[in-house]
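Descriptive analysis of the structure
Residue-level listing of the chains:
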Amino acid sequence: MIKIRKLKFAYPENKLVFNGLDFQYEKNQKVGIVGPNGSGKTTLFYLIMGLLKPQEGEIEIFNKIRKTEKDFEDVRRKIGFLFQNPDHQLFCPTVAEDIAFGPLNLGKTHKEAREIVKKTSNLLGLEKYIDRVSYRLSWGEKRLVCLATVIAMNPEILLLDEPTAGLDERSTHKVVDYLKHNDHSFIIASHDMNFLKTLTDEIYLLNGGKII
Ligand SMILES: Nc1ncnc2c1ncn2[C@@H]1O[C@H](COP(=O)(O)OP(=O)(O)OP(=O)(O)O)[C@@H](O)[C@H]1O
Ligand SMILES: [Mg+2]
């Protein structure tokens, strides 16, 4: 589903983050990515989502080479990305509107979107939050709402950037429970090895610009 070949990427005026990265992700895989701070986990997700463009190399997603903004619009409809920082994900006045935003954008009616908000908030135990103002939630509450906004789009693959960072035990358990009991394909970047061991079949190490 995702094939990355010989990827080179550097931020402007910075050293190379990736210098010939190869990575392959197949259908139904449950994959974890670990790596030290600054090793490029978030950058890799941004490149897959087309939020950054590589200087060299090839990104093939769903059997198509992706280069232009238009190529990535299609990717963003099918791959759900949980940002590491929830303030990059939430921008509507209320939680319900944030969760409904993606489905409405995909062409769902308001009635369908309301059903999706209800179902998704139930799945993550967020019912009592749906009328709250998104930016006034705590960090952990925001992160669960962000996960709801991603799941609401019914993506084919989830890319989750540190989904449990800043979550207490109960909220972490909610995330584990949801991912365990729902049939998702996913790539999770995390520093929480126990969390990854519980959920994934394979764990890759990203270090020195390469995946091991
Ligand atoms: N916008 C930016 N401009 C310049 N350099 C950046 C930018 N964002 C990240 N970097 C640099 O790119 C490298 C990779 O960063 P990235 O955020 O992908 O790492 P990470 O593995 O996700 O780290 P963490 O575990 O802390 O989340 C780091 O050296 C970082 O300083
Ligand atoms: Mg990161």
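Everything below is about the structure shown above.
In this text the structure is predicted, and so the values were computed from the model without any measurement. (Residues numbered from 1 in each chain as written. Chains lettered and ligands numbered in written order. Predicted model: local features only at pLDDT ≥ 70, side-chain atom pairs only at ≥ 80, totals over all residues. Heavy atoms only, no water.)

What to know about the nonpolar core
Counting residues in hydrophobic clusters, the biggest one holds 34 residues, and the most contacted among them are L179, I188 and F195. Listing elements by their share of this core, those giving two or more residues are helix 3 (95–105), helix 4 (110–123), helix 5 (139–151), strand 7 (157–161), helix 6 (169–181), strand 8 (185–189) and helix 7 (193–199). In terms of residues, this core owes the most to one element, helix 5, which gives seven residues. Y46, M49, I79 and L159 belong to the second largest nonpolar core, which has 33 residues in total. (Core = buried A, V, L, I, M, F, W, Y, C linked by side-chain atoms within 4.5 Å. Buried < 20%, exposed > 50% of the residue type's maximum accessible area, 1.4 Å probe, protein only. Helix = DSSP H or I, 4+ residues; strand = E, 2+ residues; numbered from the N terminus.)

Here's the deal with the sheet that holds strand 6 (residues 79–82)
A sheet is described by the order of its strands in space; here six strands give the open sequence 6-7-8-3-9-10, paired in mixed fashion. The outermost strands of the open sheet, each flanked by one partner alone, are strand 6 and strand 10 (210–211). Across the sheet, helix 2 (residues 69–78) lies against strand 6 and strand 7, angled at about 75° from strand 6, the strand it touches most. (Pairing = 2+ DSSP bridges. Contact = heavy atoms within 4.5 Å. Axes fitted to C-alpha atoms, helices over the stretch in contact; angles between N-to-C directions.)

Here we look at empty space enclosed by the protein
Tallying each qualifying case throughout the model produces one cavity of 30 Å³ or more. Approximately 30 Å³ is the volume attributed to the largest cavity. Lining the largest cavity, in full, are L82, R143, L144, L147, P163, L167 and V175. (1 Å grid on protein atoms, 1.4 Å probe; cavity = no way out; pocket = protein on both sides within 12 Å on 5 of 7 lines; lining within 4 Å. Points joined across faces, edges and corners; volume = space filled by probe spheres on them.)

Some details on the packing of helix 3 against helix 4
Between helix 3 and helix 4, whose axes approach to 9 Å, the crossing angle comes to 125°. Our classification of the angle between helix 3 and helix 4 gives oblique. In terms of crossing hand, the pair formed by helix 3 and helix 4 is right-handed. Across the interface between the two elements, A96, I99, A100, P103 and L104 from helix 3 touch H110, A113, I116, V117 and T120 from helix 4. Per-class residue counts for the contact of helix 3 with helix 4 are eight nonpolar, two polar and no charged. (Parallel < 35°, antiparallel > 145°, perpendicular 65-115°, else oblique. Left-handed = near helix turned anticlockwise from the far one by under 90°. Nonpolar A, V, L, I, M, F, W, Y, C, P; charged D, E, K, R; others polar.)

Regarding the site of ligand 1
Of all residues adjacent to ligand 1, which total 14 residues, the nearest are N14, G38, K41, T42 and T43. Residue T42 places a side-chain N or O atom 2.8 Å away from an oxygen atom belonging to ligand 1. H191 is positioned such that a nitrogen or oxygen atom in its side chain is 2.9 Å from an oxygen atom of ligand 1. Of all the elements, helix 1 (residues 41–49) adds the most residues to the shell around ligand 1, at three residues. Grouping the constituent residues of the shell around ligand 1 by class yields three nonpolar, nine polar and two charged. (Near = heavy atom within 4 Å. Polar contact = N/O pair within 3.5 Å; in protein donor to acceptor, adjacent residues only side chain to side chain.)

Structural notes on the environment of I4
In this fold, I4 is placed in strand 1 (residues 2–10). Each C-alpha atom of the pair I4 and P36 lies 21 Å from the other, and the pair is 32 residues apart in sequence. In this structure, I4 is in contact with L21, D22, F23, L44, I48, E58 and I59, ignoring residues within four places of it in sequence.

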